[in-house]
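Spelled out, the chains give:
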Amino acid sequence: MRPPARGAAIALGVLALLGVVAVLGPVAWPVDPDHVFDAPMLVSASPSVAHPLGTDPASRDVLARLIAGARVSLSFGLLAAVVALGLGTLAGLAAALAGPRTDRVIGALIDVGLAVPRLLVLIVLTAALGRLPWAWLAVTMGVTGWFGLARQVRSRARALAAGDFARAARALGAGTRRLALRHVLPNIAGTLSAAAVLAFAHAITLEAALSFIGQGVPIPVASWGGLISDGRAQLWTSPWLALAPTLALVTCVVAAGALADAIERASPWGRVESAP
Amino acid sequence: MSGPAHPDVAPLVRARDLQRHFPVGGGLFRAPTGAIRAVDGVSLDIARGETLALVGESGSGKTTTGRLILHLDVPTGGTVHFDGTDLASLAPAPLRAMRRRMQLVFQDPFGSLNPRMTIGDTVKEGLLIHRLAEGAEADRRTRALLEEVGLRADWANRYPHEFSGGQRQRVGIARALSVGPDFVVLDEPVSALDVSVQAQVINLLMDLQKQRGLTYLFIAHDLSVVEHVADRVAVMYLGRIVELAPRDAIFAEPLHPYAQALRSAVPVADPTVRARRIVLAGEPPSPADPPTGCPFHPRCHHPARDESCARLVPPLEEKAPAHLVACHKQPPTTITWEAQQVAGATRQPERHLPVLALDARTD
Amino acid sequence: MRGAPLRRFLAALARGLGVVLLVAVASLVLMHFAPGDPLGTTLEGANVPPDVIAAWRARMGADQPLPLQVGRWLGAAATGDLGYSVSMHMSVARAIRTALPYTALLGLVAIVLGFAGGIALAFAQARARGRALDRWLGGGALAVWAAPEFVVGLVLVELFAVRLGWFPSGGAMDVTLGGDAPAGVVFADRLRHLVLPAVTMALVIAAQVGRHQRVALVEAWREPFIRAARARGLRERALWVHHAWRAALGPTIALAGLSLPLLAGGAFVIERIFNWPGMGSLAFQALADRDPHLALGCVVAGATLVVLGGALADVAQAAFDPRRAT
């Protein structure tokens, strides 16, 4: 295999493994993440056979909470990525194909969206709307995270639409929808999937930052970011509390980043506009 | 091929004073500082069944002219009538319906096919758009089209990257034919192909024209390709037509100095002929900053060239029956000698035929 | 169209001004439609008579229809008046003027350090390309890039402030230091406070810059003009220093311009970790105290900073890219 393909395979493998842990984890490790084991003492125990990753200060099993966190964080990232992908693709295609006026409006929207720090927008939104359940937070994350993707889609779609095969389709009488669905979208699939994978990674990291500020996925639902924040006070006395979710998050984001890089580089349809 | 334009029959395509100016410079708060005059006042008629060749070097506006005629690019001035209908007057839906009747074949066999569609789907697309056929019937017609252009019907499920340049070009032709057009713009259809393949594709195009009664606008960057294809030839320079004449007239007696240069560049098969090329001085000027007067005057080799060429824009006028030339130094001309003198002329118009002289010597 | 750098910068600024305007309007609209009355929350439970609240609302313009509110705010903002901060008991403009220098200092130091580090990292990787060193450095950069800023910050705090005690864990100065302390001591104290937040932010920047710079460098290495120079027999080291980095710096600066909003978000978190009294902390306070005008001022000021930086990056990129002639 060529190096990008091998890198992509490894990254995809890691992400798939995390996905399997999230889906099947509760079956393999059937411990309630919210169960308090040592109610009177409420101390965090070191890793042991009964608790491979120890317990947290509320005497809950860290492994079980980590698995629960994987479910939350991965679904959170997926939902946010799907929303960002949908909005970004739609806006980018509309800007590129639906005429100059639409292009100007969406272009201005993209410029504004990219100029404002996203974390700040999210914090303002969560402050204005109150603490959101995780799914709505993820949707909000997607709604604030499509601008870069839309810009990419717009520039690629514009280049494709100016190319010969799109012109041939217009000469045949193809409308905007056919142009978008048949001629542009299939040719930007690589760009789109890379951008979606990155959006997924960003959403997970941003949620962690929100959790740190106290505006993340609300307790008692445990996200990786929430677990890291909860564990940061015991960084030296019980390092496993913050370390385990940090490792999980960093592994996931690194794999996503590597996958996105590999997709960009390995796209076999990269030379669409090239002339002989 | 069929005969030249017949003046009594309404032409299939009638373009009048077509212009396409692209604004340059300027920004959000500044007006454009100028315009690139890609096409600057082109008028031509194309009769049913004829092949009009449009010849010029890159940047002459020939490709843009082709797109304007198909209304794939909207002209900034002028009109196009297709079979009597003003294309600018059509709403989007009737225009799309009209597209069935006029098609386009591209120069680049690599960029002109969607790499993510099988060639069968590419050829079938037009049938589906115009609801000419559906399902199995569409598949059957797709296969017939592939065979008509010399491809195997069972290749329909393959992707463009599996084909050579010549084969892809045949796919592009099949795509154009799928909707049963009357008129096809061939935008340098063989320029990107190997010489050996060029002849095959040209022959295919000529056969198709005969069988289907097609009308062609054949765009090329030199005269050699169109020699055996065209009924009439229009030569473009810097967005304008400088000579428009029947094929034989252009080859035997090119009158515009630029057309003469193009004519002299056509390779001659006879080894006894001493090929003397007219080599033009300098590069073609930028369409953003065209010369004043006759656009060709800075590179012109006409012996009577003088000050008036930089001041007067020579009109496209008839020098012989059906032979239009834009040069007031080639007689006869409607620009009187007095008018030329007012514009600073110092040399009388005189007939200048360097290419003809060359041919005569070899006889 | 290649304009003079100044004209280019002004054009970018003009575009940016439009962006800031839109941000301001969008924020005002959002605030108007947000559930709950921000002012009501501030005064809630304070046993304030309704007529006082009404007077406050009138003073803040909150009782006006939305378009009028927007117009009034924009009109006032044009004269430098960004409203009154209920929680800080001072004008928003003054609060921002106090906080801005801290953020500017932190941001500039971090960007300089981060770019220097990132470019050095990329050079080390590019020269060792394909070897183990390249992979180890790349892996490290990837991990830092992937980790949330606050994790990097927390690790540094724990290590260098709590464990080793080399640097203070937060704040911008030692408040116990008297006003009569010698200038040298004050300067050293400020510097010690700056180190950890600046290094945290610089690490995040360096990881990002390094990743992109390495790709750009390796691409530049394959450019014909570099190959030609190699064929002329120039030493590899000289080539990297004189040619490749010049070709590679443009894209990296462009990236810096694009990632400014991301950096601003990171700065927000980092200021929070280190109690750095800059714009991030101010914005956080505005949100915690539900102080509408202060929050609005912070968002608009943040967008202005980002736009300004983006315009600068745009000009710098044009100046550094030898191939950019269009």
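As the structure is a prediction and not an experimental result, all values here were calculated from the model.

**Focus on the overall build of chain A**
Step number 1: In terms of helices and strands, chain A carries 11 helices and 0 strands.
Step number 2: Going from N to C terminus, chain A has its helices and strands arranged as α-α-α-α-α-α-α-α-α-α-α.
Step number 3: Put simply, chain A has 276 residues, and 53% of those count as buried.
Step number 4: Pairs at least 24 residues apart make up 72% of the contacts formed inside chain A by residues separated by at least 6 positions.
Step number 5: On chain A, roughly 11800 Å² of surface is accessible, and the fraction owed to carbon and sulfur atoms is 69%.

**What to know about the sheet that holds strand β4 (residues 77-82) of chain B**
All names here are of chain B.
Step number 1: Taken in spatial order, the 4 strands of this open sheet run β2-β1-β4-β5, and their pairing is antiparallel. The sheet is open, and its two borders are formed by β2 (34-46) and β5 (85-86), each paired with just one other strand.
Step number 2: Across 5 bridges, the pairing between strand β1 (residues 13-24) and β4 is antiparallel. Bridging from a neighbouring strand, Val13 pairs with Phe82 of β4.

**With respect to the interface of chain A and chain B**
Interface size is commonly expressed as the accessible area that is lost once the parts come together.
Step number 1: Listed per partner, the contact involves 23 residues of chain A and 26 residues of chain B.
Step number 2: On inspection of chain A and its partner chain B, the count reaches 1 salt bridge.
Step number 3: Of the charged contacts in the structure, one is a salt bridge between Arg178(A) and Glu125(B), with a shortest N-O distance of 3.1 Å.
Step number 4: In this structure, the connection of chain A to chain B is made through 10 residue pairs in polar contact (both at pLDDT 80 or more).
Step number 5: Secondary structure elements with two or more residues in the side of chain A that touches chain B: α7 (164-171) and α8 (176-184) of chain A.
Step number 6: The element best represented in the side of chain A that touches chain B is α7(A), accounting for 7 residues.
Step number 7: Its residues assigned to classes, the side of chain A that touches chain B shows 12 nonpolar, 5 polar and 6 charged.

**Quick look at the packing of aromatic side chains**
What describes a pair of aromatic rings is the distance from one ring centre to the other and the angle between the planes of the rings.
Step number 1: Across all of its chains, the model carries 8 aromatic pairs over all chains by this definition.
Step number 2: Relative to Phe150(C), the ring of Phe212(A) lies with its centre 4.7 Å away and its plane at 15°, an arrangement referred to as stacked. Separated into two different chains, Phe212(A) in helix α9 (residues 189-213) and Phe150(C) in helix α7 (residues 149-163) make up a pair that spans both.
Step number 3: Judged by relative accessible area, Phe212(A) falls into the buried class, the value being 11%.
Step number 4: The class for Phe150(C) is buried, based on a relative accessible area of 0%.

**As for the interface of chain A and chain C**
Step number 1: With 34 residues of chain A in contact, the opposing surface of chain C contributes 35 residues.
Step number 2: The largest per-residue losses of area from chain A upon contact with chain C belong to Leu120(A), Phe212(A) and Trp236(A), which jointly make up 19% of the total buried on that side.
Step number 3: Counting across the chain A and chain C interface gives 0 residue pairs in polar contact (both at pLDDT 80 or more).
Step number 4: Looking at the side of chain A that touches chain C, the elements that each hand over two or more residues are α3 (100-115), α4 (118-129), α9, α10 (224-231) and α11 (240-266) of chain A.
Step number 5: Sorting elements by how many residues they give to the side of chain A that touches chain C places α4(A) first, with 8 residues.
Step number 6: Looking at the side of chain A that touches chain C, its residues break down into 26 nonpolar, 4 polar and 4 charged.

**Topic: the pairing of strand β3 (residues 51-55) of chain B**
Residues and elements named next belong to chain B.
Step number 1: The buried fraction of β3 amounts to 5 of the 5 residues, a majority that puts the element mostly inside the structure.
Step number 2: What you see with β3 is no split at all: Thr51, Ala53 and Val55 on one side and Leu52 and Leu54 on the other are buried throughout.
Step number 3: For β3 and strand β8 (residues 215-220), the ladder comprises 5 bridges, and the chain directions are parallel. Looking at the pairing, Leu54 lines up with Ile219 of β8.
Step number 4: Sheet analysis places β3 next to strand β9 (residues 232-237), joined by 4 bridges and oriented parallel. Its bridge partner being in β9, Val55 is matched across the sheet by Val235.

**Some thoughts on unusual backbone geometry**
All names here are of chain B.
Step number 1: The linkage connecting Pro331 with the following residue, Pro332, adopts the cis geometry, with an omega of -5°.
Step number 2: Examined against the element boundaries, Pro332 turns out to sit in the loop between β12 (323-325) and α11 (337-342).
Step number 3: Even without being a glycine, His71 presents a positive backbone phi close to 60°.
Step number 4: Mapped onto the elements of the fold, His71 is located in the loop between α1 (62-69) and β4.
Step number 5: Here His71 falls in the buried class, since its relative accessible area comes to 12%.
Step number 6: Of note in the backbone geometry, Ala322 takes a positive phi value of approximately 65° without being a glycine.
Step number 7: Structurally, Ala322 can be placed in the loop between β11 (317-320) and β12.
Step number 8: Looking at Ala322, the relative accessible area reads 45%, which means it is partly exposed.

**Quick look at the domain arrangement of chain C**
Residues and elements named next belong to chain C.
Step number 1: One can read the domain layout of chain C as domain 1 (4-91) and domain 2 (94-320).
Step number 2: Counting residues at the interface gives 28 residues for domain 1 and 23 residues for domain 2.
Step number 3: Buried surface at the junction of domain 1 and domain 2, both sides included, amounts to about 2300 Å², of which 73% is carbon and sulfur.
Step number 4: Looking only at domain 1, the three residues that lose the most surface to domain 2 are Arg8, Phe9 and Val20, adding up to 20% of its buried area.
Step number 5: At the boundary of domain 1 with domain 2, the tally comes to 0 salt bridges.
Step number 6: Scanning the region where domain 1 abuts domain 2 turns up 2 residue pairs in polar contact (both at pLDDT 80 or more).

Calculation rules
- Residues numbered from 1 in each chain as written.
- Chains lettered and ligands numbered in written order.
- Predicted model: local features only at pLDDT ≥ 70, side-chain atom pairs only at ≥ 80, totals over all residues.
- Heavy atoms only, no water.
- Helix = DSSP H or I, 4+ residues; strand = E, 2+ residues; numbered from the N terminus.
- Buried < 20%, exposed > 50% of the residue type's maximum accessible area, 1.4 Å probe, protein only.
- Contact = heavy atoms within 4.5 Å.
- Areas by Shrake-Rupley, 256 points an atom, 1.4 Å probe, with all protein chains shown as cover.
- Pairing = 2+ DSSP bridges.
- Salt bridge = Lys/Arg side-chain N within 4 Å of Asp/Glu carboxyl O.
- Polar contact = N/O pair within 3.5 Å; in protein donor to acceptor, adjacent residues only side chain to side chain.
- Nonpolar A, V, L, I, M, F, W, Y, C, P; charged D, E, K, R; others polar.
- Phe/Tyr/Trp six-rings, centres within 6.5 Å; stacked < 30°, edge-to-face > 60°.
- Buried area = accessible area lost by both parts, 1.4 Å probe.
- Domains from an automatic or database assignment.

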